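# Observations on the model geometry
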Amino acid sequence: ERSGALVQSVLPDSPAERAGLRRGDLVIATNELEISDPQSLLEQVDKAEIGIPLSLKVLRNSNELSLSIKPAALPGLG
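Residues numbered from 1 in each chain as written. Predicted model: local features only at pLDDT ≥ 70, side-chain atom pairs only at ≥ 80, totals over all residues. Heavy atoms only, no water.

### Notes on the pattern of salt bridges
Keep this limit in mind: For this analysis, a salt bridge means a side-chain nitrogen from Lys or Arg found within 4 Å of a carboxyl oxygen belonging to Asp or Glu. Helix and strand assignments come from DSSP, with helices taken as H or I runs of at least 4 residues and strands as E runs of at least 2, each series counted from the N terminus. To sort residues, take the accessible area from a 1.4 Å probe on protein chains only and compare it with the maximum for the residue type: under 20% means buried, over 50% means exposed, and anything in between is partly exposed.
Evaluation of the coordinates by the stated rule reveals four salt bridges. Between Glu 64 and Arg 2 there is a salt bridge whose closest N-O contact spans 3.9 Å. Of the two residues, Glu 64 is situated in strand E5 (residues 63-69) and Arg 2 in the segment before strand E1 (5-6); the sequence distance between them amounts to 62 residues. For Glu 64, a relative accessible area of 46% gives the class partly exposed. Accessibility expressed as a relative area gives 48% for Arg 2, which makes it partly exposed. Residue Arg 60 pairs with Asp 25 through a salt bridge whose shortest N-O separation is 2.7 Å. Taken as a pair, Arg 60 in strand E4 (residues 54-60) and Asp 25 in the loop between helix H1 (15-19) and strand E2 (26-30) lie far apart in primary sequence, 35 residues in all.

Following this line, the structure appears as structure tokens:
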């Protein structure tokens, strides 16, 4: 059992969906920083700059994958 942040849902047409993130993925690192729980993932996402790719390491079906998400402004907030 690894620590990390379990993805509960992915918004349609969001940067996460476009990057390939799926429900059930376990995020274990962002930009090489270990993610130990959902709160640490939220902190890293909050620090991410819009338009600057954020690299994620995720576990999916016992396979480690690298994804790159390009953060964008939330609709209606930009």
